[in-house]
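# Structure at a glance
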Amino acid sequence: MSYDNNNIFAKILRGEIPCKKIYEDDYVLSFHDINPQKKIHALVIPKGKYIDLDDFSEKASADEMVGLLKGINFVAKKLGISVDTGKGYRALANISEHGGQEVPHLHFHLFGGERVGKMVE
Ligand code: 5GP
């Protein structure tokens, strides 16, 4: 499967569709999920064209990998849900069909601001 340049997050990255931006740097863009499942529901996506976490793990550079993890940490701090600024959160990446991934551009969901609950249903 090849990367679909017309997926919704690719359009957000190109500025063709608006988002409620939380943070941006050379490696990541973060914005609020359009359909929040918890009090805080943020998305963190790499700027590179990666379909999912497996694709990213195989192809991304070391700098991109560090950039994504640092980005998640920075966003959690900024939203007041990190271990040092809040009470913690859940980071979750759905991968492909059985993972329930809908948008084929790697993204981490950050859920917080309240107890997140059961890990899987
Ligand atoms: P997935 O199921 O692929 O892990 O999650 C995709 C997420 O993207 C869903 O939580 C959905 O609400 C969110 N989403 C889909 N379209 C948009 C959009 O246009 N803008 C934003 N901010 N989030 C979106």
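Just above sits the structure.
Before going into details, it helps to say that this report is about the structure given with it. (Residues numbered from 1 in each chain as written. Predicted model: local features only at pLDDT ≥ 70, side-chain atom pairs only at ≥ 80, totals over all residues. Heavy atoms only, no water.)

## Concerning the overall build of the protein chain
Scanning the protein chain from N- to C-terminus turns up 4 helices and 5 strands. In sequence order, the protein chain lays out its α and β elements as α-β-β-β-α-α-β-α-β. Over its C-alpha atoms the protein chain spans a radius of gyration of 14 Å, differing by no more than 12% from the 14 Å that the globule rule assigns to 121 residues. Across its three principal directions, the C-alpha atoms of the protein chain cover 40 × 35 × 30 Å. Here the protein chain holds 121 residues, and 38% of them are scored as buried. For the protein chain, long-range pairs separated by at least 24 residues make up 53% of all intrachain contacts whose partners lie at least 6 apart in sequence. Here the protein chain displays about 7,600 Å² of accessible surface, and carbon together with sulfur accounts for 51% of that area. Separation of charge centres in the protein chain, based on 16 positive and 17 negative side chains, amounts to 9 Å. (Helix = DSSP H or I, 4+ residues; strand = E, 2+ residues; numbered from the N terminus. Rg over C-alpha atoms; globule rule 2.2 N^0.38 Å. Buried < 20%, exposed > 50% of the residue type's maximum accessible area, 1.4 Å probe, protein only. Contact = heavy atoms within 4.5 Å. Areas by Shrake-Rupley, 256 points an atom, 1.4 Å probe, with all protein chains shown as cover. Lys, Arg positive; Asp, Glu negative; His and termini not counted. Charge placed at Lys NZ, Arg CZ, Asp CG, Glu CD.)

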